[in-house]
Amino acid sequence: MNSTPLAEVLDGQHAADLRKAARALLKQPLLLAHGRSADEFRLVRRHASELREWFDRNTGWSLQTDAGATRLRKIPGVLGDPTHPAREVTPAAASFTRRRYVLLCLALAALERGEAQIALGRLAGQVVLDAADPYLARTGIQFTLDRRDERLDLAAVVRLLLSLGVLRRVAGDEEAYVSGAGDVLYDVERRVLAGLLAARRGPSTVHSEALDERLAELVAETALDSDELRFRALRWSLTRRLLDDPVLYYDELTDSELGYLTRQRGFLTARITELTGLVPEVRAEGIAMVDPDDDLTDVRMPEQGTQGHVTLLLAEYLAAAAAPVTSDQLALRVRELAAEHGGFWAKSAREPGMEGELVGQAVARLAALGLVSRTARGVAPRPALARYAVGEPVLMPVREPGTACMPAQRKASTP
C-alpha cells in the first residue's frame, strides 16, 4: 500500500495552518494573546514572517506582532464606504452615530495621555474638557455628559474598547455609571492602544478640510513616479477590495484599474485563493470572492430570524425592480409581507409603524453586501442581487467585462 511521504503531509499541514492564520487576521485584524483569540494569536505568531511578506507585497498592509497582540493594519480599498460602521457590543448591535465616533476619538486621545489605570468618571471628565475645543464647538459638537443619552454613548464607546482589548475592566459596571450610581476602573493596555490607528501619518499632520481629502492624506503612499510604483498601487487597491468587499463591480473602477484587473485577474485571484481559500466567482459585471466555509464575513445573507426573513423577501422584491424603489414603497411592501408571513415573525415586528425600521435595517444589510445602492431616487438593485430573484436556477457562462450578463439566479429561501 502506498503511503504519503512525510514531507507532503507536513507541507499540507503548514499550508492549512497558514490559511487558518490568514483567515483569522482578515476576520479580526487585532488579536490578543489572552482571551477568546488566544489560539488564533499563537497561530499567527508562528506564521508571522510569511503573513507579513504576503500582505506587504499584495495589499500594502503591515503586520505588527509582539508578546501581547498582533495587529494587521488594514487600509480599505474604498475609503468612503459607510456600509460597515462600528457597532455597539450589545445584542442590538446598533451602528455608531457621529457623536459616538467623536467620543471614541476623544476617549482614545485621553487614554493616550493617561496612566496605566483610569476610572470611567475621570475619562468622562477629560472628554468633556477636550470637547470644549473651539474647533469642535464650531462644528456644533458639544458634550457635557450630564444627560443619560450622552453617558450611554460614552458607555458604548468604552464597551467597544473593551472588546478590542484596549481596556480591561478591573471593578465596577458601565450601567452603574450611566445611572449615576457608581464608577468603573480599567487597566489600559498601552501596546494595544498604540497599534489601534491604521494610518501612514499622524492625524495632526493632515491639513485638508474635506473628509474624503483627509482620509486620503492619512493613508497616502509615496509619490507614484514610476510604472512599477503605479502598478504596485493598482495591485494593492484591487487586492484589498477583493479581500474586503462582497463584490467588486467593474463599473466602480477607474480605466487604469479595470485595465490592470483585466490583464492580471487570474494572478490576483489565484494568490488570494492560495492564501485564504476564497473562490473567485467571475461574472460580466464584476468579481466576488466566495467563501465555501461561510464564516469570513461580518454580514450574512440569508440570515435567520425576523430581520433576516424580511431582508430576504425585500431582496426578492428589489431584484424584480426595473428602477430605484423608494422607502415608502418598501414600507408598503413590508406591510403586505406582514399580512402574508407575519405568523413567522416576532410580535414586535408586526406592530404598526415598525415598517420603517425593518426597511432601514434590511437596506443597510443589502447595501453592506453590495446588493443594492442608495440613490437620490431610492434604493437601486445591483447586478449581484439577481441571485435572490425568484426563479429556476439558470446557468450563465463566464464572460469578460463589457458584455451583458446577469449573475446566476437561485430560488430564495423560505422561513
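Just so it is clear, the structure is predicted and the values come from calculations on it, not from any experiment.

1. Regarding the overall build of the protein
Tallying secondary structure elements over the protein gives 15 helices and 11 strands in all. In terms of overall dimensions, the protein is globule-like: its C-alpha atoms have a radius of gyration of 24 Å, near the 22 Å expected for 415 residues. Each of the three principal axes of the protein carries a C-alpha extent, and together these read 60 × 60 × 55 Å. A burial count over the protein gives 41% of its 415 residues as buried. For the protein, the proportion of contacts with a sequence separation of at least 24, taken over those separated by at least 6, is 58%. Accessible surface, the protein as shown: approximately 22200 Å² in total, 53% of it carbon and sulfur. Put simply, the protein has 53 plus and 57 minus side-chain charges, and the middle of one group is 1 Å from the middle of the other.

2. Brief notes about a nonpolar patch on the surface
Taken together, the side chains of Leu-6, Val-9 and Leu-10 present a nonpolar region at the surface, about 300 Å² in accessible area. Relative to the helices and strands, Val-9 is located in helix H1 (residues 6-27).

3. A few points about unusual backbone geometry
Despite not being glycine, Leu-145 shows a phi value in the positive range, around 60°. When you line up the elements, Leu-145 lands in the loop between helix H6 (134-138) and helix H7 (148-164). For Leu-145, a relative accessible area of 7% corresponds to the buried category. Although it is not a glycine, Asp-294 adopts a positive phi angle of roughly 55°. Relative to the helices and strands, Asp-294 resides in the loop between strand S9 (286-290) and helix H13 (305-319). Classification of Asp-294 as partly exposed rests on a relative accessible area of 47%.

4. Observations concerning the environment of Leu-268
If you trace the backbone, Leu-268 turns up in helix H12 (residues 255-276). Separated by 104 residues in sequence, Leu-268 and Leu-164 place their C-alpha atoms 31 Å apart. Filtering out sequence-adjacent residues up to four positions away, Leu-268 remains in contact with Arg-235, Leu-238, Thr-239, Leu-242, Tyr-260 and Leu-261.

5. Digging into the sheet that holds S9
Overall, antiparallel pairing links the three strands, which are arranged S7-S9-S8 in an open sheet. Sheet topology places strand S7 (248-249) and strand S8 (279-282) at the edges, where each strand pairs with a single neighbour. Of the pairings in the sheet, the one linking S7 to S9 comprises two bridges and is antiparallel in character. Bridge pairing in S9 places Leu-248 opposite Ile-287.

6. Let's talk about the packing of aromatic side chains
For the structure shown, the criterion picks out four aromatic pairs. Note on Trp-54 and Phe-55: the rings are 5.3 Å apart at their centroids and 85° apart in plane angle, and the pair reads as edge-to-face. Across the pair, Phe-55 and Trp-54 agree in class, each one buried. Ring-pair connections join several aromatic residues into one group, and the members of that group are Trp-54, Phe-55 and Trp-61. A cation over a ring is seen here: Arg-382 above Tyr-249, with NZ or CZ 4.0 Å from the ring centre.

7. Considerations on the nonpolar core
Ranked by internal contacts, the top residues of the largest apolar core, which has 38 residues, are Leu-111, Leu-120, Leu-123, Leu-167 and Tyr-177. Listed by contribution, the elements that provide at least two residues to this core are strand S1 (30-32), helix H4 (98-113), helix H5 (120-131), H7, helix H8 (174-179), strand S6 (184-188) and helix H9 (190-194). When residues no more than four places from it in sequence are discounted, the contact partners of Leu-123 are Ala-107, Ala-110, Leu-111, Ile-118 and Val-158. By size, the runner-up hydrophobic cluster in this structure holds 37 residues, among which are Ala-21, Leu-63, Leu-72 and Val-219.

8. What about the sheet that holds S6?
Pairing within the open sheet is antiparallel, and its three strands lie in the order S4-S6-S5. The sheet terminates laterally at strand S4 (117-119) and strand S5 (167-172), the two strands that pair on one side only. The average angle at which neighbouring strand axes cross in this sheet is 25°, direction not considered. Relative to S6, S4 runs antiparallel, the two sharing three bridges. Each residue of the ladder has a partner; that of Ile-118, found in S6, is Tyr-186.

9. Some remarks on the environment of Gln-142
When you line up the elements, Gln-142 lands in the loop between H6 and H7. On the basis of relative accessibility, which here comes to 62%, the residue Gln-142 falls in the exposed class. Distance from Gln-142 to Arg-87, taken between C-alpha atoms, is 22 Å for residues 55 residues apart in sequence.

10. Focus: the confidence of the model for the protein
Per-residue confidence for the protein averages 88 on the pLDDT scale, and 93% of its residues sit at or above 70. The spread of mean pLDDT over the elements of the protein runs between H6, the lowest at 83, and helix H3 (residues 48-58), the highest at 97.

11. A closer look at helix H2 (residues 38-46)
Since there are 3.6 residues in each turn of an α-helix, residues three or four apart along the chain are aligned in direction. For H2, the full list of buried residues reads Ala-38, Phe-41, Leu-43 and Val-44. Residues of H2 that are buried sit in contact with H1, S1, H3 and strand S3 (69-73).

12. Some words on the pairing of S8
Where S8 and S9 come together, four bridges link them in antiparallel fashion. Note that in S9 the partner of Glu-281 across the bridge is Ala-288. Between S8 and S9, which follow one another and run antiparallel, lie three residues.

About the thresholds
Residues numbered from 1 in each chain as written. Predicted model: local features only at pLDDT ≥ 70, side-chain atom pairs only at ≥ 80, totals over all residues. Heavy atoms only, no water. Helix = DSSP H or I, 4+ residues; strand = E, 2+ residues; numbered from the N terminus. Rg over C-alpha atoms; globule rule 2.2 N^0.38 Å. Buried < 20%, exposed > 50% of the residue type's maximum accessible area, 1.4 Å probe, protein only. Contact = heavy atoms within 4.5 Å. Areas by Shrake-Rupley, 256 points an atom, 1.4 Å probe, with all protein chains shown as cover. Lys, Arg positive; Asp, Glu negative; His and termini not counted. Charge placed at Lys NZ, Arg CZ, Asp CG, Glu CD. Patch = residues over 30% accessible without salt bridge, like charges linked within 9 Å, V, L, I, M, F, W, Y side chains within 5 Å. Salt bridge = Lys/Arg side-chain N within 4 Å of Asp/Glu carboxyl O. Pairing = 2+ DSSP bridges. Phe/Tyr/Trp six-rings, centres within 6.5 Å; stacked < 30°, edge-to-face > 60°. Lys NZ or Arg CZ within 6 Å of the ring centre and 35° of its normal. Core = buried A, V, L, I, M, F, W, Y, C linked by side-chain atoms within 4.5 Å. Axes fitted to C-alpha atoms, helices over the stretch in contact; angles between N-to-C directions. pLDDT = per-residue confidence, 0-100.

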